[in-house]
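The primary structure of each chain is shown beneath.
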Amino acid sequence: MQALVIVAHGSHLNPDSSTPTYTHADTVREAGVFDEVRTAFWKEEPHFREVLRTLESDEVFVVPLFVSEGYFTEQVIPRELRLDGFDVEQWDSDGTSADSTTLSATDVAGKTVHYCGPAGTHDAMTDVIVRRAESVTGDPDVGPGFGLAVVGHGTERNENSAKAIRYHTERIRDLDRFDEVRDLYMDEDPEVDDVTEFFESDDVVVVPLFIADGYHTQEDIPEDMGLTDDHRTGWDTPTEVDGTRIWYAGAVGTEELMADVVLERARDAGADVGDAVERVREATRRAGAD
Amino acid sequence: MHATQVERLATAAREGGAERDGLAVDHGDDGFRFSIPAEGVDEDGLTEADLDRLAREYPDYVTNFAVWTRDRAAADAAFLRWAERADELSVPERYDRLREGAARTWGEVRVAVLLDEDGERRYDLRHEDDAGVPTGDLDRYDDPLDARSLVKTDDDGRYRPLKAAPSLPHGWVFPDLDGRAAAETVEYVYPATIANWHLENEGELDVDHWRETMERQSGIYGVVKTWDRGEGHEHVNWVAEACCDDSQCLKRREWQYDEKTDLDVDGGDGVFPCREPCSLVVSAARKWTRLEAETERTYEFTLTPSEKEQVEAVIDAVADGRTRDIREADVKDPANRYRTRFLRAKRFDGAGNLSGTPTDEE
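Within any chain, residue numbers begin from 1 and follow the written order of that chain's sequence. Following the order in which they are written, the chains are lettered starting with A and the ligands numbered starting with 1. Where local features are concerned, this predicted model is filtered to residues with pLDDT of at least 70; where side-chain atom pairs are given and counted, the filter is 80 or more; whole-chain, interface and lining totals use all residues. Calculated side-chain values reflect all of the structure's heavy atoms, with hydrogen atoms and water omitted.

Caption draft 1: Expanded view of the packing of aromatic side chains. Residue and element names in this part refer to chain B. Side-chain rings of Phe, Tyr and Trp (the six-membered ring for Trp) are treated as a pair once their centres are within 6.5 Å; stacked means planes under 30 degrees apart, edge-to-face means over 60, and tilted covers the remaining angles. According to the stated counting rule, one finds 26 aromatic pairs over all chains in the structure shown. Relative to Trp197, the ring of Trp106 has its centre 5.3 Å away and its plane inclined at 80°; by these criteria the two rings are edge-to-face. Residue Trp106 is found in strand S5 (residues 103-106), and its partner Trp197 is found in helix H8 (residues 193-201); the two are separated by 91 residues along the sequence. Taken individually, Trp106 and Trp197 each receive the classification buried, so the pair is uniform in this respect. Centre to centre, the rings of Tyr190 and Phe272 are 5.2 Å apart; their planes meet at 40°, and the pair counts as tilted. You can see Tyr190 sitting in the loop between helix H7 (179-189) and H8 and its partner Phe272 sitting in the loop between strand S10 (252-253) and strand S11 (273-274), a full 82 residues away along the chain. Residue Tyr190 is classed as buried on the basis of its relative accessible area of 1%. The rule is simple: take the accessible area with a 1.4 Å probe, protein chains only, and divide by the maximum for that residue type; under 20% is buried, over 50% is exposed, in between is partly exposed. On the accessibility criterion, Phe272 (0% relative accessible area) is buried. A helix here means a DSSP run of H or I that spans at least four residues, while a strand means a run of E at least two residues long, and both kinds are numbered starting from the N terminus.

Caption draft 2: View of the interface of chain B and chain A. Counting from both sides, the interface comprises 31 residues of chain B and, opposite them, 28 residues of chain A. Put simply, buried area is the surface a 1.4 Å probe can reach on two separate parts but cannot reach once they are joined, added for both. Interface of chain B and chain A: buried area, both sides summed, is about 2500 Å²; carbon and sulfur atoms make up 43% of it. Among the residues of chain B in contact with chain A, Arg148, Tyr159 and Arg216 of chain B are the three that bury the most area, contributing 24% of the side total. Salt bridge, as used here: a side-chain nitrogen of Lys or Arg that lies within 4 Å of a carboxyl oxygen of Asp or Glu. Across the contact surface, chain B and chain A share 9 salt bridges. Residue Lys251 of chain B is joined to Glu45 of chain A by a salt bridge in which the shortest nitrogen-to-oxygen separation is 3.5 Å. Think of a polar contact as two N or O atoms within 3.5 Å of one another; within protein, one of them needs to be a possible hydrogen donor and the other a possible acceptor, and neighboring residues in sequence only count if both atoms come from side chains. For the pair chain B and chain A, the number of links is 23 residue pairs in polar contact (both at pLDDT 80 or more). Taken together, the elements giving at least two residues each to the side of chain B that touches chain A come down to H7, H8 and helix H11 (279-291) of chain B. All amino acids are sorted into three groups, where Ala, Val, Leu, Ile, Met, Phe, Trp, Tyr, Cys and Pro are nonpolar, Asp, Glu, Lys and Arg are charged, and the leftover types, Gly among them, are polar. Among the residues forming the side of chain B that touches chain A, the class breakdown is 14 nonpolar, 6 polar and 11 charged. Residue contacts follow a heavy-atom distance rule, with two residues in contact if any of their heavy atoms lie within 4.5 Å.

Caption draft 3: Broad picture of the layout of surface pockets. Cavities and pockets were defined on a 1 Å grid built from protein atoms only: a cavity is a group of points that admits a 1.4 Å probe but offers it no way out, a pocket is an open group of points flanked by protein on both sides within 12 Å along at least five of seven lines, and a lining residue is one with an atom within 4 Å of any such point. Grid points are joined across faces, edges and corners, and a volume is the space filled by probe spheres set on the points. Of the volumes computed, that of the second largest pocket is approximately 880 Å³. What lines the second largest pocket is a set of 31 residues, and nearest its centre among them are Glu36, Arg38, Thr54, Leu55 and Glu56 of chain A. Counting residues per element, the ones that place at least two in the lining of the second largest pocket are strand S2 (36-41) of chain A together with helix H4 (74-83), H7 and H8 of chain B. For the lining of the second largest pocket, the per-class residue count stands at 15 nonpolar, 2 polar and 14 charged.

Caption draft 4: Up close: the UniProt feature "domain: DR2241 stabilising" (unreviewed entry) in chain B. UniProt positions are given in the numbering used here, feature names are shortened, and annotations may be inferred rather than shown by experiment. Within the UniProt annotation, "domain: DR2241 stabilising" (unreviewed entry) is assigned to residues 91-200 of chain B. When the span residues 91-200 of chain B is considered, its composition is 30% helix and 24% strand, and the gap between its end C-alpha atoms is 25 Å.

Caption draft 5: Quick peek at the packing of helix H1 (residues 19-31) of chain A against helix H7 (residues 258-268) of chain A. Residues and elements named next belong to chain A. Only the stretch in contact is used when fitting a helix axis, every axis being a line fitted to C-alpha atoms; angles between N-to-C directions are given from 0 to 180 degrees. With their axes 9 Å apart at the nearest point, H1 and H7 run at an angle of 65° to one another. Crossing hand, H1 versus H7: right-handed. For the pair H1 and H7, contact is made by His24, Thr27 and Val28 and by Met258, Ala259 and Leu263, respectively. A per-class count over the contact of H1 with H7 returns 4 nonpolar, 2 polar and no charged. Crossings are assigned a handedness: left-handed for a near helix turned anticlockwise from the far helix by less than a right angle, right-handed for a clockwise turn.

Caption draft 6: Here's a closer look at empty space enclosed by the protein. Under the criterion given, the structure shown has 2 cavities of 30 Å³ or more. Of the voids in this model, the largest cavity is the one considered here, and its volume is about 120 Å³. Forming the walls of the largest cavity are Tyr22, Arg29, Val37, Arg38, Thr39, Glu45 and Pro46 of chain A together with Arg148, Lys163, Glu187, Tyr188 and Pro191 of chain B. Residue assignment for the lining of the largest cavity shows that the elements contributing at least two residues are H1 and S2 of chain A together with H7 of chain B. Across the lining of the largest cavity, the residue classes break down as 5 nonpolar, 1 polar and 6 charged. Taken together, Tyr22 and Glu44 of chain A together with Arg148, Val151, Lys152, Arg160 and Lys163 of chain B make up the lining of the second largest cavity. Residue composition of the lining of the second largest cavity, grouped by class: 2 nonpolar, no polar and 5 charged.

Caption draft 7: Region of the structure containing helix H5 (residues 159-174) of chain A. All names here are of chain A. To estimate the expected span of a helix, subtract one from its residue number and multiply by 1.5 Å. The end-to-end C-alpha separation of H5 is 23 Å, in line with the 22 Å expected for 16 residues at 1.5 Å each. For H5, the full list of buried residues reads Asn160, Ser161, Ala162, Ala164, Ile165, His168, Thr169 and Ile172. Buried residues in H5 make contact with helix H3 (71-81), helix H4 (124-137), strand S6 (146-152) and strand S7 (180-185). Of the residues trailing H5, Asp176 is marked for its positive phi of about 60°.

This is how it looks when you write it as structure tokens:
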């Protein structure tokens, strides 16, 4: 038997924090390739500490629903799951290239745990950002005439956070699909507050590389960009700011195609997922087009 | 009882013998042997037809055998057997109770075991307070996954960050689940409780006490380590009294200060155990670590005796979550809103200082 465990941050305060995690778990569950699909959280239940013991499967694939490598993927999750002998060197990562490592966990006897890199740095995440642009504009061919901004938290706490943003920004630029592609940050230059200054295009899609909608994506960023004076009154999509139409996408992690990244992470780590990757890509495209 | 249940018994008997809850059947050179000591039954040299006849005489034992020899996760099986007190009651006692609609309570969830005509179990899960409500008057659910969104908020729509808080919403029912789905639903309502309860029953529950849990913390929570300064564990008693009391969490706290030092406060009466300080306790402890680093000071406040008691009553009302129960016009209650507003009008200065006493020295 094989199990998939999606581990995410969760929140004591925001009831919507876990919603994308549940949604993507359900999509993977419906694909029917894992005997068990579970979620676990740092701030909600089941906690990382207690999820492995709820599983029957002896092959367990753990995929962190985090945007970048760093404190959570390298310290908190391995420690709390009690991954025996985990060493970040096993990933041999340059900051965005962690794939997977295979370990046992002292919490449970007889289980093999394939601990994967975060969803946010997988190549397929690039496709999710593009899909998000399609969803928010309602145009499956969006690109020409449009700029795209990928927004990150900032480099203050963790340099890998900005690395992940830059990685996807460059990959999208290489697609030659959008007229302009830029990485912007909440706390650092180039700042998302000045988004219109960094683009010449009349239309700019702004996609924050965050897992869940919350304070940053639904209050901070919209107000900082000038989409609204008060987040409680909401904003239009698009909203014109300084002559530029801003198509604000909200957290990319809520895009249904994220489930595909989770599946690909597990597949790369050796999970038998059959043709589920292709099926989920197709199913979430239809869902996104509704 | 149906034919496959008898076949199951016969197959098990041939494959090394069948035994469960007082029924034993095996197969040797002279045929089957069927015995139920509690019923005074012990017959040997039986043909398949004989076995079938006996099975029809004691169908409850046979259906019970079929149900409880099915392949299931050990923890789930233990939970479902707990639900019908399978390890406490004989088969006839148990079946009598199940036919009358026996139920048990897991946290605030009432788990009722229903018996169909073939002795198969179905499960009805709902809030224990909704025990007497007609099923049709409750919102019906059949997919265990629906439990996740149901338990996210309380009856007032407020977010429940702690799944084991005694604030489970009312008004829902899963009226017809099989055993696997019942255990899965419970997993969403009270995550990992079945696994930990089962480990405890097996004598294998790993408890992480306060000290080791706090020692493990890092990042913004690393500061909690500094709260233990070799001055005893009174502060941890306060944490447990504040957060882990049955009025706040239905898990039974098994963790102590450390391996050798028990806390003085009661761990509660919950069915399922709490094996380490949870993330809410750790977060709160981080705040208290900072607050408790402050040095005490002596303030002078001027209050009437009734006002002093009123301050105490207000703290009690907030701490016990009672504020919404105090009636608007019940000015006899010291924590009544008008009484409290009067106290504020009289005793606070323009800067919000009680008795006009500044928090910091001028």
